[in-house]
Amino acid sequence: MWPDPQKLIQIICESKASRRGRRTRYGHRRITEELRSAGWIVNGKFVRRICAEEGLKIVPKAHKRRRMGGSGTSRMVAGRKNHVWSYDFVFDQLESGRQLKILPVVDNYTRECLAILVAHNITARDVIELLERLISEYGPPEFLRSDNGPEFIARQLRQWLASRKIATDFIEPGSPWQNAFSESFNSRFLDELLNAEVFTSLLEARLLIEEHRLYYNTMRRHCSLGYLTPREFALLPERRKTKASGKEKTKTADANRAA
């Protein structure tokens, strides 16, 4: 549908302020794709201008600089669904000050967040139970990528993984960038939910975090997936997945050449 300009401005402003702050870090490109997916016929330059005029620009994050370059170790790149899963802990706390330990599990290829375990304490046994549930639902991964935290290198977990013929892919100590997909998800998870919510109980935390996981998988569009949601991308045939993810890479390359 062709939009009324004033109505569209209102929709853009509301989309930036909705979902408990989740879209407050949405840039003009993602907002454009959201509007188009909802049936609006919009020009990306118009959306960018409105974001600028209404003060809706994203404040850039400050990134740490790595002085000495990379570690020299290349990590395996996921080439299909269930090829590589990643997980890493995130920490938060209740209003009372009691710690929350949170473990998201991400499929590196589809970008789906398969589950988020939330508890006051998480042991190797808890990790095994979570993986057993995910394997029964999605099938087993070929590799599991993580850091060298005690829960992940515990003998009980490693023996269980070996019995399931699941290989571990531990990153080097002090090299979180080698677990890039998990780090990327956790960064957005913090930015869009944890930093915006005060949880009064463990139950409330679990409910809101699960709601966010479903939103992330089914509503949040990724530029690296051709502005599809992770669930939409996971359901595509393999040939179309390559085309969808390659389209955005081509746009990025063209922009870099133009720059």
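Since this is a predicted model, take the numbers as computed values, not measurements.

**Some words on the confidence of the model for the protein chain**
The predicted structure's coordinates, where accompanied by low pLDDT, should not be read in detail. For the protein chain, the mean per-residue pLDDT works out to 81, and 73% of the residues sit at or above 70. Mean pLDDT across the elements of the protein chain bottoms out in helix α10 (residues 238-258) (51) and peaks in strand β4 (residues 113-119) (98). Throughout residues 64-73 the model reports pLDDT below 50, and contacts reaching past four residues in sequence, or to other chains, amount to 6 contacts. pLDDT under 50 marks residues 250-259. Its contacts with residues more than four places away, or in other chains, come to 0 contacts.

**A closer look at the side chain of Glu-112**
Looking at the element boundaries, Glu-112 is found in the loop between β3 (99-107) and β4. In this structure Glu-112 touches Val-105, Val-106, Asp-107, Asn-217, Pro-230, Arg-231 and Ala-234, once residues within four positions along its chain are discounted.

**What about helix α8 (residues 202-218)?**
For α8, spanning 17 residues, the distance from its first C-alpha to its last is 24 Å, which sits close to the expected 24 Å at 1.5 Å a residue. Listed as buried for α8 are Leu-202, Ala-205, Leu-208, Ile-209, His-212, Arg-213, Tyr-215, Tyr-216 and Asn-217. Tucked inside the fold, the buried residues of α8 contact β3, β4, α4 (124-138), α7 (180-192) and α9 (230-235).

**Here we look at the side chain of Arg-221**
The residue Arg-221 is located in the loop between α8 and α9 in this model. Side-chain polar atoms of Arg-221 contact the side chain of Glu-232, separated by 3.3 Å. Aside from chain neighbours lying at most four places away, what touches Arg-221 is Arg-30, Glu-33, Glu-34, Ser-37, Tyr-227, Leu-228, Thr-229 and Glu-232.

**Things to note about the packing of aromatic side chains**
The tally for this structure, following the rule as stated, stands at 6 aromatic pairs. Ring geometry for Tyr-87 and Phe-152: centres 4.5 Å apart, planes at 20°, overall stacked. Taken together, the residues span a long stretch of sequence, with Tyr-87 in strand β1 (residues 84-87) and Phe-152 in helix α5 (residues 150-153) at a distance of 65 residues. Comparing Tyr-87 with Phe-152 shows no difference in burial state: the two are buried. Summarising the aromatic geometry, the rings of Tyr-109 and Phe-233 are spaced 5.6 Å apart at their centres and angled 55° between planes, so their arrangement reads as tilted. Within this pair, whereas Tyr-109 is found in the loop between β3 and β4, its partner Phe-233 is found in helix α9, the two being separated by 124 residues in sequence. In this structure, Tyr-109 and Phe-233 share a single accessibility class: buried. Put simply, the rings of Tyr-87, Phe-89, Phe-91 and Phe-152 pair up and form one aromatic cluster. The cationic tip of Lys-101 hangs over the ring face of Phe-89; the distance from NZ or CZ to the ring centre is 4.6 Å.

**Examining the nonpolar core**
One finds Trp-85, Tyr-87, Leu-103, Leu-131, Leu-134 and Leu-157 to be the most contacted residues of the largest nonpolar core, which totals 24 residues. Listing elements by their share of this core, those giving two or more residues are β1, β3, β4, α4 and α6 (155-163). At 8 residues, the largest contribution of residues to this core is made by α4. If near-sequence neighbours (up to four positions away) are discounted, Leu-157 is found in contact with Tyr-87, Ala-124, Val-127, Ile-128, Leu-131, Glu-151 and Phe-152. In terms of nonpolar packing, the next biggest core, distinct from the first, is built from 18 residues, Phe-185, Phe-189, Leu-202 and Leu-208 among them.

Basis of the calculations
Each chain has its residues counted from 1, following the order in which its sequence is written. Restriction of local features to residues with pLDDT of at least 70 applies here, the model being predicted, together with a cutoff of 80 or more for giving and counting side-chain atom pairs; totals for whole chains, interfaces and linings are based on all residues. The side-chain values count all of the structure's non-hydrogen atoms but skip hydrogen atoms and water molecules. Per-residue confidence from the predictor is reported as pLDDT, a score between 0 and 100. Elements are defined by DSSP. Helices are runs of H or I of four residues or more, strands are runs of E of two residues or more, and each kind is numbered from the N terminus. Throughout, a residue-residue contact means that at least one pair of heavy atoms, one from each residue, lies within 4.5 Å. The span you would expect from a helix comes to 1.5 Å times its residue count less one. When a residue's accessible area, from a 1.4 Å probe over protein chains only, is under 20% of the maximum for its type it is buried; when over 50% it is exposed; and in between it is partly exposed. For the purposes of these results, a polar contact is taken to be a pair of N or O atoms within 3.5 Å, where, inside protein, one atom must be able to donate a hydrogen and its partner to accept one; residues adjacent in sequence count only when each atom of the pair is a side-chain atom. When two rings of Phe, Tyr or Trp (its six-membered ring) have centres within 6.5 Å they constitute a pair, described as stacked for plane angles under 30 degrees, edge-to-face for angles over 60, and tilted for the intermediate range. Here, a charge over a ring is recorded when the distance from Lys NZ or Arg CZ to the ring centre is within 6 Å and its angle to the ring normal is within 35 degrees. Among buried residues, those of type Ala, Val, Leu, Ile, Met, Phe, Trp, Tyr and Cys that are joined through side-chain atoms within 4.5 Å constitute a nonpolar core.

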